[in-house]
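# Analysis of the macromolecular model
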There are 2 protein chains.
Amino acid sequence: MKEIKGGVCAALGFKASAIAAEIKYRGRDDMAMVYSESPCVAAGTFTTNVVKAAPVKWDMKVVHERGSARAVVVNTGIANACTGEEGMQVVRSTAEAAAVALGVESGEVLIGSTGVIGMQLPEEKLTAGAGSLAKALERSPEAANRAARAIMTTDTHEKEIAYELEIGGKTVRVGGMSKGSGMIHPNMCTMLGYVTTDACISGEMLQKALSSVVVDTFNMISVDGDTSTNDTLIALANGLAGNERIDSENADYEAFYGALNAVCLHLAKEMAADGEGATKLIECTVRGADTKESARTLAKSVIGSSLVKAAVYGCDANWGRELCALGYSGVMFDPEKVDMYFRTGDHELLIVRNGIGSGYDEEEASRMLASDHVEIIADMHAGDESAVAYGCDLTYDYVKINGDYRS
Amino acid sequence: MKEIKGGVCAALGFKASAIAAEIKYRGRDDMAMVYSESPCVAAGTFTTNVVKAAPVKWDMKVVHERGSARAVVVNTGIANACTGEEGMQVVRSTAEAAAVALGVESGEVLIGSTGVIGMQLPEEKLTAGAGSLAKALERSPEAANRAARAIMTTDTHEKEIAYELEIGGKTVRVGGMSKGSGMIHPNMCTMLGYVTTDACISGEMLQKALSSVVVDTFNMISVDGDTSTNDTLIALANGLAGNERIDSENADYEAFYGALNAVCLHLAKEMAADGEGATKLIECTVRGADTKESARTLAKSVIGSSLVKAAVYGCDANWGRELCALGYSGVMFDPEKVDMYFRTGDHELLIVRNGIGSGYDEEEASRMLASDHVEIIADMHAGDESAVAYGCDLTYDYVKINGDYRS
């Protein structure tokens, strides 16, 4: 498996485009389209929030009832959540406008929205935008990159990746793009993520792989503990690679799974690192846990702690906060067995041994926390399971961005 | 029932003192004592964190095994959490020093600590301090106030209150003090709270009342979602009021319960309003919920949302964030039935009707959020239960305080 260029356009048959529809932002692209020349099986995972945005309801129907799709239309600026029947009407008309322009059915068009909740979308701009996007479609790394930039809100940079691998002698490509960066505590969460592949795989196996990959990738990141109304992760597979169709958990499935996991892990880590106001990626590995679920819960508790996040921002090796966060996670463990390490690059420092301070050098620990990628490792000495969660520091800019988001 | 002066010294027989022991802070009081001239029944609720500070383990033993106490010794600056056997030794020797100086048993002395986790306490300063505190005891509003100030960490002001009421023809007093203000997400949580009363009540009924009162007071506040290793709420009742002993849930119990609830609610709201960096108290009332537990969960979810907190700080009526927080609380409800209001003082503004924006005036809403006490009311239209949660806004100063706490 090797990394290649092209993001969502890396896989055969996929095109992308972006335009400035001036929905809410001015002077930047705010609508994007991804389109496959041939039909795709579609899989998806969606927000667990009881309050679901109109496009989420639409996409769930497309994925769960039809199971196939041809295109995705995404807008930023307004989330189309808490918009009632008027919001659902905009989704329908946008899908119809795209369908007409693309010569497909409206039920094959997925819709994604991100931005302010509660505001109505300008319907004409969306439908006109869908038409313009269809005309602008192109299969190139540049088009993929422009689409990845168009779906950003408070993200500071685009997130895209693609890998290629061999499956049964055929070259298969898996690429993706996503956006963060606030209201990020996926279970699914507004993250939007789109993965495209030319692998030939059944819809059932694609959904199985996606649902499984999400658990240890997008669902292990947290920026602020808020689970959005709009979180959506879509995978589209058009089969153009010509590999023998994957319809069981065989070796081909495992190979595909590895690539899908790599794409999602890359995007998830990028989203955590680019959390609103963040200056650092925080990675918490919990090992020696009694169950996999315990390991995940413990790691996410550390990543989710405002006090841990603020301490890492301040380069303060205040390890009691990590231990405290493990303690209120809901998982039972013996605090007097816990060891903790900080790691940056190859350098590892024992901070806590058997639940109390190891007598480490404060300056050394503080220097390590000044890195832009801080790893916290907790060994529970309670079993053999491990998990990794990804988050970011809590900064003045998070407050600034979210204290005045709508203006 | 009327409010009176005197805090923890309001009840007959209770004295207090404070000294500067220079445990970590310089130039301010950092140890406090509360003492009852006659034996007290003791009740307590403690942190649910798996990682429990040494004084918490000590106090749990005193309260749950002995059920009576004479004194409380509190220090600030260092939490005595994650300090192993050495930390427990400091608790024992501090309790012994206080016991000798007071002429009571060490098993009757409760200990409370708050501050940095993982640092060892200077044992001699603690034991010497306990002796000095015993000598300085006094029954006066001034002594109570000084004790309330001595237990503060990042609090900006002391929190104390007292009420007096009639029970069976006798005047009974209930007073208390507490400190916040970070790592506050009580379930019990570092909040430390001490309630003193001269009511005559059995230990069992005191514990019952305290455990019940906590649910809708201290456990309904959140500053940052972190549940401390040290959270402790203690109630001491010495019976000096001479009322007929309360040993069942009769009318006297109800009267006492009302006063205890008033004391705890006052302290809890003060703690929320004085959360680290906070400029405003946010009060979220959820009504029309299907169960009491749902109402509590929904209200706490709103109060706990970083995005809600930042929006309130920025006076941004971004109500989608409140609705979103209700949605990911874990409680099922119909988003299209939810109404939401902002309230400040007597002024109420309908923001959301049936899950979508009401068309309210943005400037008016923003002006309301500029108040130092913002009320958010969500009506779920799903039943008759309600609950209120208390929190505060998320500000630059929260980040500042917690990015550099230990220096």
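Refer to the preceding data block for the structure.
Residues numbered from 1 in each chain as written. Chains lettered and ligands numbered in written order. Predicted model: local features only at pLDDT ≥ 70, side-chain atom pairs only at ≥ 80, totals over all residues. Heavy atoms only, no water.

### Comments concerning the relation of the copies chain A and chain B
Each of the two chain copies goes to the other by way of a rotation about an axis and a shift along it. Here chain A sits on chain B after a turn of 180 degrees about the axis and a move of 0.0 Å along it, with an RMSD of 0.0 Å. Both copies are brought into coincidence by an operation consistent with a two-fold rotation axis. Relative to the rotation axis, the closest C-alpha in chain A is found at A:Y396, a distance of 2.6 Å. (Least-squares fit on C-alpha atoms with pLDDT ≥ 70 in both.)

### A look at helix α1 (residues 54–66) of chain B
All names here are of chain B. The terminal C-alpha atoms of α1 lie 18 Å apart, and with 13 residues this matches the ideal 18 Å at 1.5 Å per residue to within 8%. For α1, the set of buried residues is A54, P55, V56, W58, D59, V62 and V63. Buried residues along α1 sit in contact with β3 (31–46), β4 (68–78), α2 (84–102), β5 (109–116), α5 (203–216) and β10 (232–237). (Helix = DSSP H or I, 4+ residues; strand = E, 2+ residues; numbered from the N terminus. Expected span 1.5 Å × (residues − 1). Buried < 20%, exposed > 50% of the residue type's maximum accessible area, 1.4 Å probe, protein only. Contact = heavy atoms within 4.5 Å.)

### A word on the sheet that holds strand β11 (residues 339–344) of chain A
All names here are of chain A. Taking strand neighbours across the sheet as the criterion, the six strands line up as β13-β12-β11-β14-β10-β15 in an open arrangement whose pairing is mixed. One side of each edge strand has no neighbouring strand; the edge strands of this open sheet are β13 (356–357) and β15 (385–392). As paired strands, strand β10 (residues 281–289) and β15 are joined by seven bridges and run antiparallel to one another. Following the sheet pairing, V286 is matched in β15 by A387. Helix α7 (residues 292–304) rests against β10, β14 (373–379) and β15 of the sheet, and its axis sits at about 20 degrees to β15. (Pairing = 2+ DSSP bridges. Axes fitted to C-alpha atoms, helices over the stretch in contact; angles between N-to-C directions.)

### Some points on the side chain of B:E322
Residue and element names in this part refer to chain B. Of note, E322 is situated in helix α9 (residues 320–327). One buried charge, E322, has no salt-bridge partner; the nearest side chain with opposite charge is R321, at 7.3 Å. Sequence-distant contacts of E322, that is, excluding residues within four places in its chain, are made with V302, V308, M340, F342 and I376. (Lys, Arg positive; Asp, Glu negative; His and termini not counted. Salt bridge = Lys/Arg side-chain N within 4 Å of Asp/Glu carboxyl O.)

### Overview of the pairing of strand β8 (residues 192–197) of chain B
Residue and element names in this part refer to chain B. The buried fraction of β8 is high, at six of six residues. Of the two faces of β8, both are covered, the one formed by L192, Y194 and T196 as well as the one formed by G193, V195 and T197. Sheet topology places strand β7 (residues 170–179) next to β8; six bridges connect them, and they run antiparallel. Its bridge partner lying in β8, S178 is registered against G193. Bridge count for β8 against β10 is six bridges, and the pairing is parallel. Of the residues in β10, the one forming a bridge with L192 is T232.

### Examining the sheet that holds strand β15 (residues 373–379) of chain B
Residues and elements named next belong to chain B. What the seven strands build is an open sheet, ordered β9-β16-β11-β15-β12-β13-β14; its pairing is mixed. Edge positions in the open sheet fall to β9 (221–222) and β14 (356–357), since each of these has one partner strand only. As paired strands, strand β13 (residues 347–353) and β14 are joined by two bridges and run antiparallel to one another. Its bridge partner being in β14, R353 is matched across the sheet by I356. Here helix α10 (residues 362–369) sits on the sheet in contact with β12 (339–344), β13 and β15, set at roughly 125 degrees to β13.

### Quick word on the interface of chain A and chain B
Contacts between the two partners involve 55 residues from chain A and, on the opposite side, 54 residues from chain B. Note on chain A versus chain B: buried area summed over both sides is about 4,300 Å², and carbon and sulfur give 61% of it. Our enumeration of links across chain A and chain B arrives at two salt bridges. B:E336 is the salt-bridge partner of A:K57, the closest N and O atoms lying 3.7 Å from each other. At the junction of chain A and chain B, the tally comes to six residue pairs in polar contact (both at pLDDT 80 or more). Counting only elements with at least two residues in the side of chain A that touches chain B, the list comes to α8 (306–313), α9 (320–327), β13 and α11 (396–403) of chain A. For the side of chain A that touches chain B, the element with the most residues is α11(A), which contributes six residues. Of the residues contributing to the side of chain A that touches chain B, the split by class is 26 nonpolar, 19 polar and ten charged. (Buried area = accessible area lost by both parts, 1.4 Å probe. Polar contact = N/O pair within 3.5 Å; in protein donor to acceptor, adjacent residues only side chain to side chain. Nonpolar A, V, L, I, M, F, W, Y, C, P; charged D, E, K, R; others polar.)

### Here we look at the side chain of A:D155
Residue and element names in this part refer to chain A. Considering the arrangement of structural elements, one finds D155 in the loop between α4 (141–150) and β6 (159–167). Within polar-contact distance, the side chain of D155 engages the side chain of K159 at 2.6 Å. A polar contact is formed between the side chain of D155 and the backbone nitrogen of G180, at a distance of 2.6 Å.

### Re the pattern of salt bridges
All names here are of chain A. Within the structure shown, the criterion is met by 34 salt bridges over all chains. E108 serves as the salt-bridge partner of R66, at 3.9 Å between the closest nitrogen and oxygen. With a gap of 42 residues between them, R66 in helix α1 (residues 54–66) and E108 in the loop between α2 (84–102) and β5 (109–116) connect regions that are remote in the sequence. Of the residues examined, E108 reaches a relative accessible area of 11% and is grouped as buried. A salt bridge links R92 to E85; its shortest N-O distance comes to 2.6 Å. By relative accessible area, R92 is classed as partly exposed at 28%. One salt-bridge network, held together by shared partners, links R66, E105 and E108.

### A word on the state of the cysteines
One covalent bond between the sulfur atoms of two cysteine residues makes up a disulfide. Within this structure, the stated rule accounts for zero disulfides over all chains. Between B:C324, a free cysteine, and A:C82, which holds the nearest cysteine sulfur, the sulfur-to-sulfur gap is 7.9 Å. (Disulfide = S-S within 2.5 Å.)

### Notes on the environment of B:E276
Residue and element names in this part refer to chain B. Examined against the element boundaries, E276 turns out to sit in the loop between α6 (251–273) and β11 (281–289). Overall, E276 belongs to the buried group, its relative accessible area being 5%. Sequence separation between E276 and N238 is 38 residues; the distance between their C-alpha atoms is 34 Å.

### Let's talk about the packing of α2(B) against helix α3 (residues 123–135) of chain B
Residues and elements named next belong to chain B. At a minimum axis separation of 8 Å, α2 and α3 run at an interaxial angle of 25 degrees. Our classification of the angle between α2 and α3 gives roughly parallel. As α2 runs across α3, the sense of the crossing is right-handed. On α3, the residues touching Q89, V90, S93, T94, A97, A98, A101 and L102 of α2 are E123, L126, T127, A130, G131 and A134. (Parallel < 35°, antiparallel > 145°, perpendicular 65-115°, else oblique. Left-handed = near helix turned anticlockwise from the far one by under 90°.)

### Here's the deal with helix α6 (residues 251–273) of chain A
Residue and element names in this part refer to chain A. Helix length check: α6, at 23 residues, gives a terminal C-alpha distance of 33 Å against a target of 33 Å (1.5 Å per residue), a fit within 8%. Those residues of α6 that fall on the buried side of the exposure criterion are Y253, F256, A259, L260, A262, V263, C264, L267, A268, M271 and A272. Among the residues of α6, the N-terminal cap falls to N250, whose side-chain oxygen and the backbone nitrogen of D252 are separated by 3.2 Å.

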